[in-house]
Amino acid sequence: MAITVLPEMPADAGELSIWPASTALLPHGALAVGGVPLAEIAARFDTPVYILDEGEVRERCRTYRGAFPEAGVLYAAKAFLSRAMVRWVQEEGLGLDVCSAGELELAVTAGFPPERIVLHGNAKSPRDLAAALRLGVGRIVIDSPSEIARIAAAVGPDGRQKVMVRVVPGVSAGGHDKIRTGTDDQKFGLSLTDGGAHHAITRIIGQPQLELTGLHCHIGSQITEVKPYLMALRRMVGLMARVRDAYGVLLPELDMGGGHGIAYRHGEAALDLTALARRLRAELVEGCAAAGLAVPRLLIEPGRAVVGPAGVALYRVLAVKHTGEKVFVAVDGGMSDNPRPALYGVRYAPRLIGRRSTAEPRTATVVGRHCEAGDILAEAVELPGDIHPGDLLAVPVAGAYHLSMASGYNLVGRPPVVAVHEGTARLLVRRETFEDLRNRDIGG
Ligand code: LLP
């Protein structure tokens, strides 16, 4: 990554390896992303605030297109969605993966071509399906047997909808139990091993309203190794061959989902996209040749790896408390804007910005402002010993599954999203105000 480091700066530039490539260390401890000093953003937009580096998002889209030139790359909107994000993804030539009427509507009303959108969901509501059909979504991924008749009926006698089938290939992968989806002990998909997937495929092929374009799997999230993908791909190709043998049907698409892991702290492993692309392609070509299948078009659905490292969360320190051996640094956000440490035990690397400290580092726990002891943003991190109220803390790799998973806990309101690009900052999503919160409560 191209980090700009001024010569007199401390030797911690390696720590910036997980920050956006545009990150620059400036004199006096200031840090800029996208050409904008973060302290300036705090002053202009207040805190807490999410910052998104537009150039970094676009560059990551391009990296995917470059690594997977023959594949369809669908950005997984659940990681983060806004109208600007929809535009960037579209301009960079990606498709979109959505999992609700809400994500779908936002994308289509922002101008995204519906035929380039895939709809997922283990329990699609009538509203989800109605929106998908009304807006002309490209593909619906069938996740349970009951959806087959539901979608066929909703399409009507003269219609035809492209669908895929979500298959559980029996491969366990992912950064935490809650985000492993490749085996039969979780709610998503239809089993390869118990014949559920094959049975669903048989029924779909018998439905004239449905056009089965291919198979889908998503084995998990925050996966840092290529191997599980290869194993899953082999099994998916095997199922494609069995479908061909049983029905003479050649499925033209194979969607291998997302889940590409990233580093949240300096030194952590990330999935090697180039290796993934090369080895997936080789495995696909080889497997298809061995089975006598034409090579299907590969689709992938990265979310986190597109937007995660492009985001930074910025907080202001409200209190510093010394309790026994512990130092608690409390900031003006917390589990309502980042539930990930509490949910998955993810460890982040907050950093003091806006001033240079020469104080000895001290181990501290960065906590939020919520009424819950589990409201911890970062456990056991090294921060300057003189950290005090009014200081700014920045948390890198905050672009994915932060705002999209933010809650209304304690009615603090969700933070705004500010885009930085080539030296300018602009608001993409405004802060949720008390008025917003009160207006929803009609007082009845
Ligand atoms: N495709 C499907 C069908 C998915 O279910 C997901 C994520 C993705 C693609 C994108 O996965 P990604 O490339 O972003 O890992 N809230 C959790 C992550 C949940 C992922 C759910 N599905 C977290 O904060 O880590």
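None of these values were measured; they are calculated from a predicted model.

Procedures and definitions
- Residues numbered from 1 in each chain as written.
- Predicted model: local features only at pLDDT ≥ 70, side-chain atom pairs only at ≥ 80, totals over all residues.
- Heavy atoms only, no water.
- Helix = DSSP H or I, 4+ residues; strand = E, 2+ residues; numbered from the N terminus.
- Rg over C-alpha atoms; globule rule 2.2 N^0.38 Å.
- Buried < 20%, exposed > 50% of the residue type's maximum accessible area, 1.4 Å probe, protein only.
- Areas by Shrake-Rupley, 256 points an atom, 1.4 Å probe, with all protein chains shown as cover.
- Lys, Arg positive; Asp, Glu negative; His and termini not counted.
- Charge placed at Lys NZ, Arg CZ, Asp CG, Glu CD.
- Near = heavy atom within 4 Å.
- Polar contact = N/O pair within 3.5 Å; in protein donor to acceptor, adjacent residues only side chain to side chain.
- Nonpolar A, V, L, I, M, F, W, Y, C, P; charged D, E, K, R; others polar.
- Domains from an automatic or database assignment.
- Phe/Tyr/Trp six-rings, centres within 6.5 Å; stacked < 30°, edge-to-face > 60°.
- Core = buried A, V, L, I, M, F, W, Y, C linked by side-chain atoms within 4.5 Å.
- Contact = heavy atoms within 4.5 Å.
- pLDDT = per-residue confidence, 0-100.
- Arc of directions from axis to C-beta.
- Pairing = 2+ DSSP bridges.
- Disulfide = S-S within 2.5 Å.
- Buried area = accessible area lost by both parts, 1.4 Å probe.
- Salt bridge = Lys/Arg side-chain N within 4 Å of Asp/Glu carboxyl O.
- Expected span 1.5 Å × (residues − 1).

Visitor: How would you summarise the overall build of the chain if you had to cite specific residues and measurements?
Guide: A tally of helices and strands in the chain yields twelve helices and 21 strands. In summary, the chain has a C-alpha radius of gyration of 23 Å against a globular reference of 22 Å for 444 residues, a match within 12%. When the 444 residues of the chain are sorted by exposure, 54% land in the buried category. Here the chain displays about 18600 Å² of accessible surface, and carbon together with sulfur accounts for 53% of that area. In the chain, which carries 48 positive and 49 negative side-chain charges, the distance between the mean positions of the two groups comes to 3 Å.

Visitor: Tell me about the site of the ligand, and name the residues and values.
Guide: As a matter of local geometry, the ligand sits amid 20 residues, with Ser-221, Glu-301, Arg-340, Tyr-344 and Tyr-401 nearest to it. Contact distances for the ligand include 2.7 Å between a nitrogen atom and a side-chain N or O atom of Glu-301. In the environment of the ligand, an oxygen atom lies 2.5 Å from a nitrogen or oxygen atom belonging to the side chain of Arg-340. Across the complex, the protein chains shield 91% of the 580 Å² of accessible surface that the ligand would expose by itself. Of the residues in the shell around the ligand, the class split is six nonpolar, eight polar and six charged. Lining the shell around the ligand are residues from two domains, each supplying at least three of them: domain 1 (24–53 + 309–440) and domain 2 (68–302).

Visitor: Just give me the short version of the packing of aromatic side chains, but keep the residues and values in it.
Guide: For the structure on display, the rule yields two aromatic pairs. Measuring from centroid to centroid gives 6.2 Å for Tyr-64 and Phe-68, while their planes differ by 20 degrees, and the two rings are stacked. In this pair, the class of Tyr-64 matches that of Phe-68, namely buried.

Visitor: Break down the nonpolar core for me, with residues and values.
Guide: Formed by 137 residues in total, the largest nonpolar core has its most connected members in Leu-38, Ile-41, Phe-68, Tyr-75 and Leu-215. By residue number, the principal contributor to this core is helix 8 (residues 227–247), which donates ten residues. Each of two domains, domain 1 (24–53 + 309–440) and domain 2 (68–302), supplies a minimum of three residues to this core. Look past the residues within four positions of Leu-215 in its chain and what remains in contact with it is Met-164, Val-165, Val-167, Ile-201, Met-236, Leu-239, Met-240, Leu-251, Glu-253, Leu-254 and Asp-255. In this structure, Leu-74, Val-118, Val-141 and Met-164 belong to the second largest nonpolar core, which totals five residues.

Visitor: Quick one: what's the story with the confidence of the model for the chain, residue by residue and with numbers?
Guide: Looking at the chain as a whole, the pLDDT averages 96, with 97% of positions reaching at least 70. Low confidence marks residues 5–11, where pLDDT is under 50. Its contacts with residues over four positions away, or in another chain, come to ten contacts.

Visitor: A description of helix 4 (residues 101–109) should follow, citing residues and the corresponding values.
Guide: Of the residues making up helix 4, those classed as buried are Ala-101, Glu-103, Leu-104, Ala-107 and Val-108. Down the axis of helix 4, the sector holding all buried residues measures 165 degrees, keeping them to one side. The inward-facing, buried residues of helix 4 abut helix 3 (83–91), strand 6 (95–98), strand 7 (117–119) and helix 5 (126–135). Phi turns positive, to about 100 degrees, at Gly-111, one or two residues after helix 4.

Visitor: Before we move on, can you summarise the sheet that holds strand 1 (residues 24–25) with the specific residues and values?
Guide: Strand order across the open sheet formed by three strands is 1-2-3, with antiparallel pairing between neighbours. Here the strands that pair on one side only, and so sit at the sheet edges, are strand 1 and strand 3 (36–37).

Visitor: Give a detailed account of the state of the cysteines, specifying residues and quantitative values.
Guide: Counting across every chain of the model gives zero disulfides. Between Cys-217, a cysteine without a disulfide, and Cys-288, which holds the nearest cysteine sulfur, the sulfur-to-sulfur distance is 14 Å. Judged by its relative accessible area of 0%, Cys-217 is buried.

Visitor: I'd like a description of the domain arrangement of the chain, backed by residues and values.
Guide: Domain parsing of the chain yields domain 1 (24–53 + 309–440) and domain 2 (68–302). On a C-alpha basis, the centres of domain 1 and domain 2 stand 34 Å from each other. Of the residues lining the interface, 20 residues belong to domain 1; the matching set on domain 2 comes to 15 residues. Between domain 1 and domain 2, roughly 1600 Å² of surface is buried when both sides are summed, and carbon and sulfur atoms account for 67% of that area. In terms of surface lost to domain 2, no three residues of domain 1 exceed Tyr-344, Arg-347 and Tyr-401, which account for 30% of the buried area on that side. Scanning the region where domain 1 abuts domain 2 turns up zero salt bridges. Seen at the junction of domain 1 and domain 2, the total is five residue pairs in polar contact (both at pLDDT 80 or more). At the level of elements, helix 11 (340–344), strand 20 (417–421) and strand 21 (424–429) are the ones that each hand at least two residues to the side of domain 1 that touches domain 2. Residue composition of the side of domain 1 that touches domain 2, by class: 15 nonpolar, two polar and three charged.

Visitor: Tell me about helix 2 (residues 54–67), and name the residues and values.
Guide: Relative to the 20 Å expected for 14 residues at 1.5 Å per residue, helix 2 spans 20 Å between its end C-alpha atoms, a close match to the ideal helical length. All buried positions along helix 2 are accounted for by Glu-54, Glu-56, Val-57, Arg-58, Arg-60, Cys-61 and Tyr-64. Between the side-chain oxygen of the N-cap and the backbone nitrogen of Gly-55 there are 3.0 Å, and the N-cap of helix 2 in question is Asp-53.

Visitor: Please set out the side chain of Asp-255 residue by residue, giving values where relevant.
Guide: Counting through the fold element by element, Asp-255 comes out in strand 12 (residues 253–255). Buried charged residue Asp-255 carries no salt bridge. Nearest counter-charge: Arg-139, at 7.7 Å. Only 2.9 Å separates the side chain of Asp-255 from the backbone nitrogen of Gly-257, close enough to count as a polar contact. Ignoring any residue separated from it by four or fewer positions in sequence, one finds Asp-255 in contact with Leu-74, Met-164, Leu-215, His-216, Cys-217, Leu-299, Ile-300 and Glu-301.

Visitor: Hey, could you go over unusual backbone geometry for me, with residue numbers and the actual values?
Guide: A cis amide bond, omega -10 degrees, links Thr-47 with the succeeding residue Pro-48. Inspection of the secondary structure assignment puts Pro-48 in the loop between helix 1 (38–45) and strand 4 (49–53). For Tyr-401, which is not glycine, the phi dihedral falls at a positive 60 degrees. Looking at where Tyr-401 falls in the secondary structure, it is placed in the loop between strand 19 (392–396) and strand 20. Of note in the backbone geometry, Asn-410 takes a positive phi value of approximately 65 degrees without being a glycine. Within the secondary structure layout, Asn-410 lies in the loop between strand 19 and strand 20.

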